[in-house]
Amino acid sequence: MIDGKKVLFSGMQATGNLTLGNYLGALKNWLTLSDEYECFYSVVDEHSITVRQDPAELRRRARNLLTLYIAAGLDPKKNCIYYQSHVSAHAELAWILNCYTYMGELNRMTQFKDKAAKHADNINAGLFTYPVLMAADILLYQADVVPVGIDQMQHLELTRNLAERFNNIYGNVFTVPEAYIGKVGAKIASLQDPSKKMSKSDENVNGSIYLMDDPDTIMRKCKRAVTDCEAHICYRDEQPGLKNLINIYSACTGKTPEETVLEFEGRGYGEFKIAVGEAVISVLKPLQDEFARLSKDKAYIDSIIKENAEKANYYANKTLRKVQKKVGFPERIR
Ligand code: TYM
């Protein structure tokens, strides 16, 4: 609790171009929850270097991501929007938690297996212990709730297990967090292969709608989305491409999938795909315009970075000091 409010933590990696999946699965829910909670939204740049990055490019992407959080509508005076690398407590707590995490637990992480297969020439220890850093991110702020897409559920389960393990040994140190998964949009699939998630790193650029895609590109990608030959608008697993488009449309318009099906009953896929394109454009266009405006205001963004790093450090260090004491590190002499 901070000032009587429950705490929310979430973050995104500044790697690759953000997709509509990131927006509908995470960022959109951040906006609806931000009044109710005391919120920390991190640009998790330390996570990004588990895969090789070009330094200048990483810095540029991280700043763009931080700007995008604000452009999406998160007020940086109320929400703590900051770079993970500006708060050294993340790495320090991650080290401590590493010593309470079993190799077997990390071996089971499907995202590690996927990434290790993709980057077979660089299976580094950071990639393996990545979920422990993620647990540290969340536990440092004593977060009650963590809004994420379904792909992060396994990492969140590990976080809960670590918090409980630590609490069992040392008493009530960490809040055990709950995941918040949105009703629609928690698992947006590729437009070209609905069995895969829409991903920043997909080689087929037509599978993903990027947040910075222009309206023509968005419409073209929606029109080309893979569907089926049933020619009947239904929301069911047997029509995964169509189901995905219904999810996208519903998440963008705030309708339920059932309402969407009723709206388009008896109409052709072509017509529906155009409506999906229009719904996506109506969500992304204002975001892009605000991003362009904010990006020019260097002094404003710099001031947010400075102020919020101070705030994040304050809360993170409070938890870190408590943990250091519990595990037996000597007291600091002032
Ligand atoms: P990342 O950067 O891959 O994704 C950011 C958020 O977007 C969600 N997401 C999706 N949701 C629905 N459909 C999709 N196709 C889709 N693709 C991505 C993700 O679930 C995530 O919520 N490890 C995290 C970053 C992280 C973090 C944290 C998150 C680090 N520390 C602490 C929460 C709390 C990651 O790589 O997300």
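Refer to the structure printed above.
Residues numbered from 1 in each chain as written. Predicted model: local features only at pLDDT ≥ 70, side-chain atom pairs only at ≥ 80, totals over all residues. Heavy atoms only, no water.

A closer look at the overall build of the chain
Per the secondary structure count, the chain includes 13 helices and five strands. A compact globule built from 334 residues should have a C-alpha radius of gyration of about 20 Å, and the chain, at 21 Å, falls within 12% of that. Buried positions account for 52% of the 334 residues belonging to the chain. Excluding contacts between residues fewer than 6 apart, the proportion of contacts in the chain whose partners are at least 24 apart in sequence is 75%. Surface exposure of the chain reaches about 15900 Å², of which carbon and sulfur atoms provide 52%. Charged side chains of the chain number 43 positive and 42 negative; the gap between the two group centres comes to 4 Å. (Helix = DSSP H or I, 4+ residues; strand = E, 2+ residues; numbered from the N terminus. Rg over C-alpha atoms; globule rule 2.2 N^0.38 Å. Buried < 20%, exposed > 50% of the residue type's maximum accessible area, 1.4 Å probe, protein only. Contact = heavy atoms within 4.5 Å. Areas by Shrake-Rupley, 256 points an atom, 1.4 Å probe, with all protein chains shown as cover. Lys, Arg positive; Asp, Glu negative; His and termini not counted. Charge placed at Lys NZ, Arg CZ, Asp CG, Glu CD.)

Some details on the site of the ligand
Around the ligand there are 27 residues in total, and Tyr-130, Asp-137, Gly-149, Asp-151 and Ile-188 lie nearest to it. Separating a nitrogen atom of the ligand from a side-chain N or O atom of Asp-137 is a distance of 2.7 Å. One of the side-chain N or O atoms of Asp-151 is found 2.4 Å from an oxygen atom in the ligand. Relative to its unbound accessible area of 710 Å², the ligand is 97% covered by the protein chains. The site holding the ligand turns out to be the largest pocket. Listing elements by their share of the shell around the ligand, those giving two or more residues are β1 (7–12), α1 (20–33) and α7 (125–140). For the shell around the ligand, the per-class residue count stands at twelve nonpolar, ten polar and five charged. (Near = heavy atom within 4 Å. Polar contact = N/O pair within 3.5 Å; in protein donor to acceptor, adjacent residues only side chain to side chain. 1 Å grid on protein atoms, 1.4 Å probe; cavity = no way out; pocket = protein on both sides within 12 Å on 5 of 7 lines; lining within 4 Å. Sits in = over half its atoms within 2 Å of the grid points. Nonpolar A, V, L, I, M, F, W, Y, C, P; charged D, E, K, R; others polar.)

Let's talk about empty space enclosed by the protein
Applying the stated rule across the entire model yields one cavity of 30 Å³ or more. By volume, the largest cavity is sized at about 60 Å³. As for the largest cavity, its lining consists of Gln-111, Phe-112, Lys-115, Leu-127, Tyr-130, Pro-131 and His-155. Per-class residue counts for the lining of the largest cavity are four nonpolar, two polar and one charged. (Points joined across faces, edges and corners; volume = space filled by probe spheres on them.)

Things to note about the pattern of salt bridges
Taken as a whole and assessed by the stated rule, the structure comprises 20 salt bridges. In this structure, the salt-bridge partner of Lys-196 is Asp-202, at a minimum N-O distance of 3.9 Å. Here Asp-302 and Lys-298 are joined by a salt bridge, their closest N and O atoms 2.8 Å apart. One end of the pair, Asp-302, and the other, Lys-298, are both in helix α13 (residues 298–327), four residues apart, so they sit about a helical turn from each other. Residues joined by salt bridges that share partners form a network here, namely Glu-57, Arg-60 and Arg-61. (Salt bridge = Lys/Arg side-chain N within 4 Å of Asp/Glu carboxyl O.)

What to know about the pairing of strand β3 (residues 80–83)
The two faces of the sheet receive side chains in turn, since in a regular strand these alternate between them. Alternating residues of β3 divide into Cys-80 and Tyr-82 and Ile-81 and Tyr-83, and every residue in both groups is buried. Bridging between strand β2 (residues 38–43) and β3 involves four bridges; their strand directions are parallel. Looking at β3, one finds that Val-43 is bridged to Tyr-83. (Pairing = 2+ DSSP bridges.)

Side note on a positive patch on the surface
The grouping of Lys-318, Lys-322, Lys-325 and Lys-326 at the surface amounts to a positive patch. Among the structural elements, Lys-326 can be located in helix α13. Under the relative-accessibility criterion, Lys-326 is labelled partly exposed at 37%. (Patch = residues over 30% accessible without salt bridge, like charges linked within 9 Å, V, L, I, M, F, W, Y side chains within 5 Å.)

Considering the layout of surface pockets
In this structure, the largest pocket spans a volume of roughly 1300 Å³. What lines the largest pocket is a set of 49 residues, and nearest its centre among them are Gln-111, Asp-151, Gln-152, Lys-197 and Lys-200. Within the residue set of the lining of the largest pocket, elements represented by two or more residues are β1, α1, α2 (45–48), α6 (110–118), α7 and β4 (145–147). Broken down by element, the lining of the largest pocket gets its largest block of residues, five residues, from α6. Class assignment for the residues of the lining of the largest pocket results in 15 nonpolar, 23 polar and eleven charged.

Comments concerning the pairing of β1
In terms of burial, β1 is largely enclosed, as five of its six residues are buried. Bridging between β1 and β2 involves six bridges; their strand directions are parallel. Looking at β2, one finds that Phe-9 is bridged to Phe-40.

What about the packing of helix α3 (residues 55–71) against α13?
At a closest axis distance of 11 Å, the pairing of α3 and α13 adopts a crossing angle of 90°. Relative to α13, α3 is oriented roughly perpendicular. Residue-level contacts link Arg-63, Leu-66, Thr-67 and Ile-70 of α3 to Lys-298, Tyr-300, Ile-301, Asp-302, Ile-304 and Ile-305 of α13. Residues belonging to the contact of α3 with α13 are distributed by class as follows: six nonpolar, one polar and three charged. (Axes fitted to C-alpha atoms, helices over the stretch in contact; angles between N-to-C directions. Parallel < 35°, antiparallel > 145°, perpendicular 65-115°, else oblique.)

Structural notes on the packing of helix α10 (residues 240–253) against helix α11 (residues 257–264)
Relative orientation of the contacting elements α10 and α11 amounts to 105°, with a least axis distance of 9 Å. In terms of their interaxial angle, α10 and α11 are classed as roughly perpendicular. Packed against α10, whose contacting residues are Ile-246, Asn-247, Tyr-249 and Ser-250, the element α11 presents Pro-257, Thr-260, Val-261, Glu-263 and Phe-264 at the interface. Classifying every residue of the contact of α10 with α11 by side-chain character gives five nonpolar, three polar and one charged.

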